[in-house]
Amino acid sequence: MVHIHIPEEIIVEMLSRLPVKSILKFKLVCKLWNSLLSDPRFSLATKGREHAIFWCSGKRCFSSLDHQYAIREIPRQCWDRQHLDFLGSCNGLLLFSTYGTRYDCYSYCYFYLLNPSTRSFRGLINFGRRILYGENRITDYPVAYGFCFDKLSDDYKAIMVYYSSSSFPSQRALVFSLKRGTTLRDVSLPYMLRGTGVLANGNLHWIDVNGQEIIGGDLIVCFDETTNRFSKLPTPAVVRGGNKPIYRLGVLDGCLCMSRYTAGIYTFKCELFVMREYGVKESWATLCAISGGANLKSVRGWEPLFFTKSGEELLISGSYCILAYNVKTKSLKEIHTYSGQESYVGPLRYVESLIPLGNFER
């Protein structure tokens, strides 16, 4: 019998290109493969591993969209609450909350981590207690949030932005450490942030709603994951003007991008700008501009999700549908429409990951 020796680096390269479902099965092939695939240094090939996840309140389940337009439900575990918020996505992990409200405050709230690729799931009981009842706690319903990873401290961080009676009309931001179980920073913000922060270059980003009213001002607020500080990021100079433009942020091929939607009486226009070199104002470039009539109403407030594996089509989240824009033919088509009978949260972009959840404090 002829024995063929395959170097470990080649085995690792081949395995890194497989779907996560197959990798989990291949851990059982032999001790060597299990050791290679369980090594924290093992990383997946990134090409074509982007997904978008959304929550359907009627079915009370998550669904995931891949670059081939396939939508698959993620089996429900214990998220049986109707109200849910995505707090952020980082390294393939999703931080989300289920909650109830009373007088615009939490009546109860539970926090969870989910790896949609491995379908592993973990409740963060102590984290929730600190946010609701700790010395530095949220005193009102949060209006913006984020989830990021600090490589220097090897720590995942959660950011909660809310209004408080002591700081109104200014917002306050709490920065929590998921590793240490402590509040890292409690600060008043001179911005008005909304929604889930977009992670690019390791930092979180939001659109400053107040900044839209300042001619020549920068729109993008950045949170530095190492210094725990908020600051402004340069905005492309060409985004001003238009009738009540709507701005959104996203990430494409690792680059921060910003979309602008403007509406006229009979025409609609969507533009997408990409920051080729992070932090450099002059590196902003126009990726595409889509103009049209009533057929573009569904793209109102559009958010770029990711390119298909071929790179020919860009998936976009619209107001009530997901669309694909062909960058070559400049054509637009709907690939998924949300049911009018259901309430949806998301979609939120994430990448496939093998990161386990056992190291996170409950």
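Residues numbered from 1 in each chain as written. Predicted model: local features only at pLDDT ≥ 70, side-chain atom pairs only at ≥ 80, totals over all residues. Heavy atoms only, no water.

Trainee: Give a detailed account of the nonpolar core, specifying residues and quantitative values.
Mentor: Counting residues in hydrophobic clusters, the biggest one holds 20 residues, and the most contacted among them are Leu95, Leu113, Phe147, Tyr156 and Leu178. Contributions of two or more residues to this core are made by strand E4 (84–90), strand E5 (93–102), strand E6 (105–115), strand E8 (144–150), strand E9 (155–163) and strand E10 (171–177). Examining the composition of this core, we find that four residues originate from one element, E9, more than from any other. In this structure, Phe268, Cys270, Leu272 and Trp302 belong to the second largest nonpolar core, which totals 16 residues. (Core = buried A, V, L, I, M, F, W, Y, C linked by side-chain atoms within 4.5 Å. Buried < 20%, exposed > 50% of the residue type's maximum accessible area, 1.4 Å probe, protein only. Helix = DSSP H or I, 4+ residues; strand = E, 2+ residues; numbered from the N terminus.)

Trainee: Run through the environment of Leu189, naming residues and quoting values.
Mentor: Structurally, the position occupied by Leu189 is in strand E11 (residues 183–189). Expressed as a C-alpha distance, the spacing of Leu189 and Tyr162, which sit 27 residues apart in the sequence, is 9.8 Å. Beyond its immediate chain neighbours, meaning those up to four positions away, Leu189 contacts Val161, Ser170, Gln171, Ala173 and Phe230. (Contact = heavy atoms within 4.5 Å.)

Trainee: So what's going on with a nonpolar patch on the surface? Residues and values would help.
Mentor: On the surface, a nonpolar cluster with roughly 400 Å² of combined accessible area is contributed by Ile4, Ile6, Ile10 and Met14. Within the secondary structure, Met14 is located in helix H1 (residues 8–15). (Patch = residues over 30% accessible without salt bridge, like charges linked within 9 Å, V, L, I, M, F, W, Y side chains within 5 Å. Areas by Shrake-Rupley, 256 points an atom, 1.4 Å probe, with all protein chains shown as cover. Salt bridge = Lys/Arg side-chain N within 4 Å of Asp/Glu carboxyl O.)

Trainee: Just give me the short version of the environment of Arg185, but keep the residues and values in it.
Mentor: Mapped onto the elements, Arg185 comes out in strand E11. Considering only alpha carbons, one finds Arg185 and Val175, 10 residues apart in sequence, at a separation of 5.1 Å. Among all residues touching Arg185, those that are not within four sequence positions of it are Ala173, Leu174, Val175, Asn228, Arg229 and Phe230. Polar contacts involving the side chain of Arg185 include one to the main-chain carbonyl oxygen of Asn228, which spans 3.1 Å. (Polar contact = N/O pair within 3.5 Å; in protein donor to acceptor, adjacent residues only side chain to side chain.)

Trainee: Describe the sheet that holds strand E2 (residues 61–65), naming the residues involved and giving the relevant values.
Mentor: Strand order in this open sheet of four strands is E3-E2-E1-E25, and the pairing throughout is antiparallel. Single-partner strands in this sheet number two, and they are strand E3 (71–74) and strand E25 (344–351). Taken pair by pair, the neighbouring strands of this sheet meet at an average axis angle of 25°, ignoring direction. (Pairing = 2+ DSSP bridges. Axes fitted to C-alpha atoms, helices over the stretch in contact; angles between N-to-C directions.)

Trainee: Just give me the short version of the sheet that holds strand E23 (residues 321–326), but keep the residues and values in it.
Mentor: With antiparallel pairing, four strands are arranged side by side in an open sheet as E21-E22-E23-E24. Strands with a single pairing partner mark the edges of an open sheet, and in this sheet they are strand E21 (303–307) and strand E24 (331–337). This sheet shows a mean twist of 30° between the axes of neighbouring strands, independent of strand direction. In this sheet, strand E22 (residues 313–317) lies alongside E21 in antiparallel orientation, the contact comprising four bridges. By the bridge assignment for E22, Phe307 is matched with Leu314.

Trainee: Would you mind going over the side chain of Lys157 in detail, with residue names and values included?
Mentor: Relative to the helices and strands, Lys157 is located in strand E9. A distance of 3.1 Å separates a polar atom in the side chain of Lys157 from a polar atom in the side chain of Asp150. Only 2.5 Å separates the side chain of Lys157 from the backbone oxygen of Glu225, close enough to count as a polar contact. Residues in contact with Lys157, not counting those within four places in the same chain, are Gly146, Phe147, Cys148, Asp150, Val175, Phe176, Leu178, Leu184, Glu225, Thr226 and Asn228.

Trainee: With reference to specific residues and values, describe the pattern of salt bridges.
Mentor: As enumerated under the stated definition, the model contains nine salt bridges in all. Note that Arg49 and Glu352 form a salt bridge whose closest N and O atoms lie 2.4 Å from each other. Residue Arg49 is found in the loop between helix H3 (31–38) and strand E1 (50–56), and its partner Glu352 is found in the segment after E25; the two are separated by 303 residues along the sequence. Glu352 matches Arg49 in its accessibility class, with the two residues each being buried.

Trainee: Explain the confidence of the model for the chain residue by residue, including any values.
Mentor: Counting all residues, the mean pLDDT for the chain is 79, and 77% of those residues have values of 70 or more. Across the chain, strand E14 (residues 203–207) holds the top mean pLDDT of 95, while helix H4 (residues 125–133) sits lowest at 67. (pLDDT = per-residue confidence, 0-100.)

Trainee: Let's hear about the packing of H1 against H3: which residues, and what values?
Mentor: Each pair of packed helices can be described by the angle between their axes along with the distance between the axes. Relative orientation of the contacting elements H1 and H3 amounts to 65°, with a least axis distance of 11 Å. Here H1 lies roughly perpendicular to H3, going by the angle between them. The two elements H1 and H3 meet at a crossing, and its hand is right-handed. Contacts from Glu8, Ile11, Val12 and Leu15 in H1 reach Leu32, Trp33, Leu36 and Leu37 in H3. The residue inventory of the contact of H1 with H3, partitioned by class, reads seven nonpolar, no polar and one charged. (Parallel < 35°, antiparallel > 145°, perpendicular 65-115°, else oblique. Left-handed = near helix turned anticlockwise from the far one by under 90°. Nonpolar A, V, L, I, M, F, W, Y, C, P; charged D, E, K, R; others polar.)

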